[in-house]
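Take a look at the letters that make up each chain.
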Amino acid sequence: MYQKKNSWKRVFLYLFVFIVCIVILYPYFVMLTTAAKTDSEMYSTTAASLLPHTWQWSNFVEIWKAAPVFNYLMNSVIVSAGATLLAILCGIPAAYALSRMRFKGKGFFLGAVIMSQMFSPVVLLVGIYRLMTDMGLTNSIWGLILLNAAFNQAFAIWLLRGTFTSISPEMEQAAKIDGCNTIQSMIRVLLPMAAPGIVTALIFVFINSWNEYTIALTLIRSDVLKPITVGINKFYGFNFIQWQYLFATSLFATVPVIILFLLIEKHLAAGLTAGGVKG
C-alpha cells in the first residue's frame, strides 16, 4: 500500500514537472515556428496557424545579410564577459573582507550593498549619461562594461560573502601554519572550495549583463557597437515589423547563455545553497 502511494506521488510529480516544462518552453516554440514563416503567412488576414504551412528556414540565413547580427552578438559577448570578469575580480576581495575581517563600518557597508540593489538603472539614467559624457565613455564598449559590472557588483558581493562564510576558517588557518600568507591561503584553499558560489555569481552577472537594454540604448549610437539587445531593433520599422527575422535573431541571442548554463549548471545549485548561509 505504501509503495503504491509513493508511485502515485511520483506520477503526479512527473506530470507537474512535464506541465511546467511545457509552460516554460512554449514561448521558445512559438519563436521557432514564427521565425520559420513566410511573409504571406505572417501578415495573412485569415486565421493564423501556429505551425507554418511552409517552413522558411532561409530566414535564419537572411538575418545575417539584413543586419550585422554577428557584430551584435560579439559586442554582447565582450560586454557581458568583461562585466562579469570585472564584477567577480572586485567582488571576491570585498566578499572575503566582509566574511573574514572585522572593521568599523562593516554593518553600514553591508547595508549599503543591499540598498544599492534598490536603485534601477532607469532611475539613474540621466546622471549616468552625464557621468559617461564627462568621462568620454558614451558610445563605448568600455562604458557598457563598467556600468554593467557596477550594477551587478552588489549581488556578486552578497552571494560570494555567503559562500565564504559557509567555509570553515580553520582551513585557511591550516594553510597559514604550512607557510601561506593571507593571499596565498585565499587563492589556494578558499577559492577552490568556493568554486560553486563563484560560478553561480558568474552566470547571474553574465545573464544580467547580456539582457541589459536601457543603458545600451541610451549610450550607444554607432550601429557597429550595439549589443544584440539593441541591435535587434534593426528589424523594427515605423510601419512594418519583420517578425520572422526578429524571432530568428532572438533565438540566436539565447544560444550563448544556454551554452554557458549547460557548461556550469552542475555548480549552480550548490552555489545558491552556499550563498544562503547566515553569517
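The rules behind these values
- Residues numbered from 1 in each chain as written.
- Predicted model: local features only at pLDDT ≥ 70, side-chain atom pairs only at ≥ 80, totals over all residues.
- Heavy atoms only, no water.
- Helix = DSSP H or I, 4+ residues; strand = E, 2+ residues; numbered from the N terminus.
- Polar contact = N/O pair within 3.5 Å; in protein donor to acceptor, adjacent residues only side chain to side chain.
- Core = buried A, V, L, I, M, F, W, Y, C linked by side-chain atoms within 4.5 Å.
- Buried < 20%, exposed > 50% of the residue type's maximum accessible area, 1.4 Å probe, protein only.
- Contact = heavy atoms within 4.5 Å.
- pLDDT = per-residue confidence, 0-100.
- Salt bridge = Lys/Arg side-chain N within 4 Å of Asp/Glu carboxyl O.
- Axes fitted to C-alpha atoms, helices over the stretch in contact; angles between N-to-C directions.
- Parallel < 35°, antiparallel > 145°, perpendicular 65-115°, else oblique.
- Left-handed = near helix turned anticlockwise from the far one by under 90°.
- Nonpolar A, V, L, I, M, F, W, Y, C, P; charged D, E, K, R; others polar.

## Brief notes about the side chain of asparagine 152
And step 1. Relative to the helices and strands, asparagine 152 is located in helix 7 (residues 141-165).
And step 2. Among the polar contacts made by the side chain of asparagine 152, one reaches the main-chain carbonyl oxygen of asparagine 148 at a distance of 2.7 Å.

## Looking at the nonpolar core
And step 1. Counting 21 residues, the largest nonpolar core has Ile63, Val69, Trp210 and Ile228 as the members making the most contacts within it.
And step 2. Element by element, the count of residues in this core is highest for helix 13 (residues 243-264), at 7 residues.
And step 3. With sequence-adjacent residues up to four places away left out, valine 69 is seen in contact with Ile63, Trp64, Ile228 and Thr249.
And step 4. Ranked by size, the runner-up nonpolar core spans 14 residues in total, among them Ile128, Ile141, Ile145 and Leu219.

## Observations concerning the confidence of the model for the protein chain
And step 1. Here the protein chain shows a mean pLDDT of 83. Residues at 70 or above account for 90%.
And step 2. Under a pLDDT of 50 for its full length, residues 275-279 has, in the predicted model, 8 contacts with residues more than four places off or in other chains.

## Describing the pattern of salt bridges
And step 1. Using the criterion set out here, one finds 1 salt bridge in the structure.
And step 2. When the shortest N-O distance is used, the salt bridge between aspartate 223 and lysine 226 registers 3.8 Å.
And step 3. Classification of aspartate 223 as partly exposed rests on a relative accessible area of 27%.

## Side note on the packing of helix 5 (residues 106-116) against helix 7
And step 1. One can describe the packing of helix 5 onto helix 7 by two numbers: an axis separation of 8 Å at closest approach and a directional angle of 130°. It follows that helix 5 is oblique to helix 7 by the angle criterion. Note on packing geometry: the crossing formed by helix 5 with helix 7 is left-handed. Where helix 5 abuts helix 7, its residues Leu110, Val113, Ile114 and Ser116 lie against Ala154, Trp158 and Arg161.
And step 2. For the contact of helix 5 with helix 7, a count of residues per class yields 5 nonpolar, 1 polar and 1 charged.

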